[in-house]
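Coordinate inspection notes
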Amino acid sequence: MTETEAVGVPLVVPETPWWGNLESSKSGTPVQVDHWQLSVWGWISHEKAHVVKVEAWVHPWLPSELEYQKPRPDVPQVFPDLSGDGLVGFEGQVVVPSSLPAPWNLTVTAKLDDGTCQVVFVRRIYGPACAEELHDELPVYSHRAFWRAIKILRPTLGGWSALWSERAALREARAIFEKNGATEIEPNRKNFWHAPVQPALQSRALSVAIVNDNFSLGGAALFAFEYARYLKQVLKWEVHMIAPCDGPLRTLCENVGLRVTIVNPLDATQLDAGFDWQSVNLIVVNTFVARWAVSLAERWGKPSLLYWHEGARMRMIFGRETTEEIRVQSAEAMRSATCVVFVTQWTRSHHAQLERNNNFRLLRSWVDLARVDQFLAQNDVVELRRRHAIPEKNFVFVCMGSICDRKGQRTLIRAVQWLRQGGGRVPDRHREITVMVVGARPTPDAARMAEEVELLDLGEVRLIAETPQVWEFLMLADAYVCPSFVEGFPRSLMEAAAMRKWIIATSIPGNREMLTEAEAWMVPAGDPPALAQAMQRVMKAADGHDYRRPDAARWKMERWFDDTQSLPVHAALAFEVAQRMSVSAAR
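Residues numbered from 1 in each chain as written. Predicted model: local features only at pLDDT ≥ 70, side-chain atom pairs only at ≥ 80, totals over all residues. Heavy atoms only, no water.

1. Quick word on the overall build of the chain
Which entries qualify depends on this criterion: Elements are defined by DSSP. Helices are runs of H or I of four residues or more, strands are runs of E of two residues or more, and each kind is numbered from the N terminus. Exposure categories follow from relative accessible area, calculated using a 1.4 Å probe and restricted to protein chains: below 20% of the type maximum is buried, above 50% is exposed, and the middle band is partly exposed. Throughout, a residue-residue contact means that at least one pair of heavy atoms, one from each residue, lies within 4.5 Å. All accessibility values rest on the Shrake-Rupley procedure with a 1.4 Å probe; residue burial counts only the protein chains present in the view.
Each helix and strand in the chain was counted, giving 20 helices and 23 strands. Within the chain, the proportion of its 587 residues that are buried is 52%. For the chain, the share of sequence-separated contacts (at least 6 apart) that also reach a separation of at least 24 residues comes to 68%. When the accessible surface of the chain is totalled, it reaches about 27,600 Å², and 52% of it is carbon and sulfur.

This is how it looks when you write it as structure tokens:
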């Protein structure tokens with residue numbers, strides 16, 4: 001490798017017969033640090049051979065395949081003799097384990113058509129710390145540090161009286177909650193929206209169009225389905241389910257009498273003609289990806305209720321395709337929506353500057369505890385394990401969600417490898433483990449994971465196709481694992497808690513607003529050894545019949561996230577928004 005200077009920015013350039021570069025970003029660094037990943041892009045070509053695959057990593061256990069053969073018409077103009085015909089660009093994201101200290105050694109390799117693989121770039125990266133990903137760990141207590149902090153903060157605390165009264169109030173609140181058997185006070189409780197006066201929701205049957213970005217079996221789509229079912233079956237409202245593409249959720253909708261319509265948001269004529277938008281009282285836009293329905297509602301003079309289920313950062317949703325145009329459109333959608341609903345305080349705070357006329361709301365998501373309990377009573381774990389060919393003695397970990405880098409399933413795979421290679425010991429009672437990753441779709445990410453599992457010879461890992469029978473896998477599991485790098489408010493985590501499963505979850509904002517160390521084992525994101533160690537602790541807790549965390553998690557679902565409490569509040573907000581627009585129109 002050689003290092004040169006270009007416009008004052010150090011760039012790493014490979015030696016011949018390789019040609020290429022790591023592109024610099026606007027800030028002048030070869031990569032952009034974004035939350036949990038490095039965004040890497042550039043170009044690479046060989047003088048004679050053809051490049052078929054490009055990978056990069058900062059931790060050798062977590063390699064990421066980069067998209068290759070991106071068009072770079074500028075390269076042939078300068079290097080006309082190189083192979084690749086200008087399709088030599090690469091880009092993608094590289095996972096950075098939370099526990100990996102900077103500087104990070106970024107390595108990029110290229111595989112040729114003759115089967116050889118060579119290192120083409122190596123670069124040391126200094127990344128800034130991300131405050132939102134600092135974990136809930138305090139340093140060792142120090143009398144000196146404590147009194148020094150008190151001396152500094154005393155003016156802002158209003159004197160010693162404020163400090164002691166704060167401590168007294170905290171002790172009193174904690175005593176009340178411990179007396180009632182609670183594990184903790186729910187954070188941000190006062191911020192959740194409640195209907196000021198509970199409206200007579202059944203006094204007027206509204207017509208509602210719920211727009212989703214797809215009809216898959218993902219968490220947001222199922223949220224829309226259960227919401228629609230409640231409005232139709234309980235409140236007797238007329239509900240239409242709308243999405244740009246078909247999927248397995250359509251069958252569930254039609255089975256409960258919901259009307260389903262497929263529209264094309266890219267064709268304005270077909271969009272307007274594909275559904276009678278004038279007939280509805282309210283348009284519910286169930287994901288930010290479907291934000292096009294906000295401007296459609298505005299065009300038809302209809303109120304809109306925009307639900308934000310995704311993580312806070314737009315770059316996480318759109319990747320490097322997050323152009324300035326998308327940012328403007330996104331901001332305008334949040335300002336134009338009659339009301340924007342967030343399910344976490346973290347996402348609401350992140351976009352607080354876009355709130356207009358107090359149109360932001362924070363509402364809890366939900367889990368259908370009655371249906372969960374009914375399912376548990378009607379099914380048998382032993383029979384389910386027999387049906388899915390799982391030995392009764394095995395300890396089963398289940399992970400759910402569409403397979404992609406954001407969901408962190410590859411971290412789980414590497415944690416299993418860490419256990420396999422002697423990094424930890426599986427308790428004697430469970431000499432074998434089974435890890436079931438549920439939610440595989442025919443996508444490149446799923447194919448790469450299947451290839452990786454086969455390459456590592458991890459027979460204990462099973463990839464299960466996306467299925468509506470997800471509760472079967474939750475019930476037969478001993479523990480649930482959520483290894484995601486970013487989440488909104490994961491539905492499967494609530495369902496696992498409702499079934500009293502031992503839970504391992506990454507310590508990320510969406511998860512932390514649902515569960516704490518009192519209810520689950522919280523681990524850093526992207527850290528296979530830490531995840532493997534948590535898996536060992538879970539199996540040890542199971543051996544000792546320690547159900548304190550599962551019981552606390554179930555209690556929390558009953559106390560804060562039961563659908564009988566949450567769904568009426570969501571419906572009340574929909575009713576209020578529709579009524580508010582009707583009153584404005586009448587005036």
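Structure shown, so let's carry the discussion forward.
2. A short note on the side chain of N359
Note that N359 resides in the loop between α10 (345-350) and β17 (360-362). Of the residues examined, N359 reaches a relative accessible area of 3% and is grouped as buried. Those residues in contact with N359 that lie beyond four places of it in its chain are M334, R335, A337, T338, C339 and V340.

3. Concerning the packing of aromatic side chains
For the record, the criterion: Side-chain rings of Phe, Tyr and Trp (the six-membered ring for Trp) are treated as a pair once their centres are within 6.5 Å; stacked means planes under 30 degrees apart, edge-to-face means over 60, and tilted covers the remaining angles. By definition, being over a ring means that NZ of Lys or CZ of Arg is both within 6 Å of the ring centre and within 35 degrees of the ring normal.
In the structure shown here, the tally under the stated rule is 17 aromatic pairs. Through pairs of rings, three or more aromatic residues link up here, namely F223, Y227, Y307 and W366. Above the face of the F288 ring, R291 is positioned so that its terminal group lies 5.6 Å from the ring centre. The ring of W560 has R559 sitting right over it, with the charged end atom 4.2 Å from the ring centre.

4. What about the pattern of salt bridges?
Just so we agree on the cut-off: The term salt bridge refers to a pairing of a side-chain nitrogen on Lys or Arg with a carboxyl oxygen on Asp or Glu at a separation within 4 Å.
Summed over all chains, the structure comprises 27 salt bridges. Here E487 ties to K407 by a salt bridge, and the two come within 3.0 Å at their closest N and O atoms. Residue E487 is found in the loop between β21 (479-482) and α16 (491-498), and its partner K407 is found in the loop between β18 (395-400) and α13 (409-420); the two are separated by 80 residues along the sequence. We note that E487, like K407, is buried. One connected set of salt bridges, linked through shared partners, spans E65, D445 and R448.

5. A few points about the sheet that holds strand β15 (residues 304-308)
Here is the rule: Between any two strands, pairing holds if DSSP finds at least two bridges. All axes are obtained by fitting lines to C-alpha atoms, using only the stretch in contact for helices, and the reported angles, taken between N-to-C directions, cover 0 to 180 degrees.
Strand order in the open sheet made by the 7 strands is β13-β12-β11-β14-β15-β16-β17, with parallel pairing throughout. Edge positions in the open sheet fall to β13 (259-262) and β17, since each of these has one partner strand only. Neighbour to neighbour, the strand axes of the sheet diverge by 20 degrees on average, direction disregarded. Here strand β11 (residues 207-211) pairs with strand β14 (residues 282-285) via 4 bridges, running parallel. Paired with V208 across the two strands is L282, which belongs to β14. Contacting β11, β12 (238-243), β14 and β15, helix α4 (residues 219-233) runs over the sheet at an angle of about 160 degrees to β12. Its contacts with the sheet place helix α7 (residues 292-299) against β11, β14 and β15, and it is angled at close to 170 degrees to β14.

6. Section: the sheet that holds strand β23 (residues 521-523)
Judged by pairing direction, the sheet is parallel, and its 6 strands sit side by side in the order β20-β19-β18-β21-β22-β23 without closing on themselves. With one partner strand each, in any of the chains shown, β20 (461-465) and β23 form the two edges of the open sheet. Strand-to-strand twist in this sheet, taken as the mean axis angle between neighbours without regard to direction, amounts to 20 degrees.

7. Comments concerning unusual backbone geometry
Glycine aside, negative phi is the norm for most residues, and most peptide bonds take the trans geometry. Even without being a glycine, N357 presents a positive backbone phi close to 55 degrees. If you trace the backbone, N357 turns up in the loop between α10 and β17.

8. Quick notes on a nonpolar patch on the surface
Cut-off, in case you're wondering: Put simply, a patch holds well-exposed residues, over 30% relative accessible area, that have no salt bridge, with like charges counted together within 9 Å and Val, Leu, Ile, Met, Phe, Trp or Tyr side chains within 5 Å.
Taken together, Y141, F146 and W147 make up a surface patch of nonpolar side chains, about 350 Å² in accessible area. Looking at where Y141 falls in the secondary structure, it is placed in the loop between β10 (117-125) and α2 (143-157). Classification of Y141 by relative accessible area gives exposed; the value is 54%.

9. Some remarks on the pairing of strand β9 (residues 104-112)
Successive residues of a regular strand alternate their side chains across the two faces of the sheet. Burial analysis of β9 places 7 of its 9 residues in the buried class, the great majority of the element. When strand β6 (residues 51-57) meets β9, the two strands line up antiparallel, connected through 6 bridges. If you follow A56 over to β9, its bridge partner there is V108. Pairing of β9 with β10 involves 8 bridges; the strand directions are antiparallel. Across the sheet, residue L106 finds its bridge partner in β10, namely R123. Following β9, the chain reverses through 4 residues before pairing antiparallel with β10; G115 in that reversal takes a positive phi of roughly 95 degrees.

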